[in-house]
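Analysis of the macromolecular model
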Amino acid sequence: MVLTVMFSGCTDKGSSIKVVDDSIKDDIKIEKILERVNSESGLKELQITGTNESREYMKLRYRVVWFDKDGFEIKSISENWREFPVYKNADFTIHVVAPNEKAVNYRLFINK
C-alpha cells in the first residue's frame, strides 16, 4: 500500500508526495507543502514540512522526480535518494530546487 498526499491549491496538478514504506506510513505526517518560483533563478522551489509522530529517531530518505509541462520526466540529481534525520516526536523540513525552468510538476518519494 502506498500513501499518496495530494494538496489541491498548494501544488500544481499532477504533483504529489508518496510515503512508499508501509512501516512508517502511520508515523510520518506531511503538514505543509510550499512552492514558489525564485525571482532570481526562475527555478521552482519546494519546502515540505512534516512531523515524525513516533517515539523513535529515524533516518529517512527522499528523492524527487521532476516533470515538464507535457508530463515528460526531466533527468536530474534529485532523482538520487538523499538521507535526512527525523528525530522522535519532532518536525522536519525538506527543501528542494528544480533542475531547470522547464520543471513544473514533481513526485517526491519518502522511505526508510
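In case you missed it, the structure is sitting above this.
Values in this document were obtained by computation on a predicted structure and should not be read as measured data.

Side chains bearing opposite charge may pair, as long as their charged atoms lie close to each other. For the structure shown, the criterion picks out 7 salt bridges. The residue Lys25 makes a salt bridge to Asp26 at a minimum N-O spacing of 3.6 Å. Among the ionic pairs, Lys59 bridges to Glu83, the shortest N-O distance being 3.9 Å. Residue Lys59 is located in strand β5 (residues 58–67), and its partner Glu83 is located in strand β7 (residues 82–86); the two are separated by 24 residues in the primary sequence. For Lys59, a relative accessible area of 47% translates into the label partly exposed.

Let's shift gears to the sheet that holds strand β8 (residues 90–97). If you walk across this open sheet you meet the 3 strands as β3-β4-β8, and the pairing is antiparallel. For this open sheet the edge positions go to β3 (28–37) and β8, each flanked by a neighbour on one side alone. Ignoring strand direction, the axes of neighbouring strands in this sheet form an average angle of 15°. Sheet analysis places strand β4 (residues 44–52) next to β8, joined by 8 bridges and oriented antiparallel. Bridging from a neighbouring strand, Gly50 pairs with Phe92 of β8.

Tallying each qualifying case throughout the model produces 4 aromatic pairs. Aromatic pair Tyr57 and Tyr87: ring centres 5.3 Å apart, planes at 50°, arrangement tilted. One end of the pair, Tyr57, is in the loop between β4 and β5; the other, Tyr87, is in the loop between β7 and β8, with 30 residues separating them in the sequence. You can call Tyr57 partly exposed: its relative accessible area is 44%. Given a relative accessible area of 52%, Tyr87 falls into the exposed group. By way of ring pairs, the aromatic residues Tyr62, Phe84 and Phe92 are connected into one cluster.

Reading the values: the criteria
- Residues numbered from 1 in each chain as written.
- Predicted model: local features only at pLDDT ≥ 70, side-chain atom pairs only at ≥ 80, totals over all residues.
- Heavy atoms only, no water.
- Salt bridge = Lys/Arg side-chain N within 4 Å of Asp/Glu carboxyl O.
- Helix = DSSP H or I, 4+ residues; strand = E, 2+ residues; numbered from the N terminus.
- Buried < 20%, exposed > 50% of the residue type's maximum accessible area, 1.4 Å probe, protein only.
- Pairing = 2+ DSSP bridges.
- Axes fitted to C-alpha atoms, helices over the stretch in contact; angles between N-to-C directions.
- Phe/Tyr/Trp six-rings, centres within 6.5 Å; stacked < 30°, edge-to-face > 60°.

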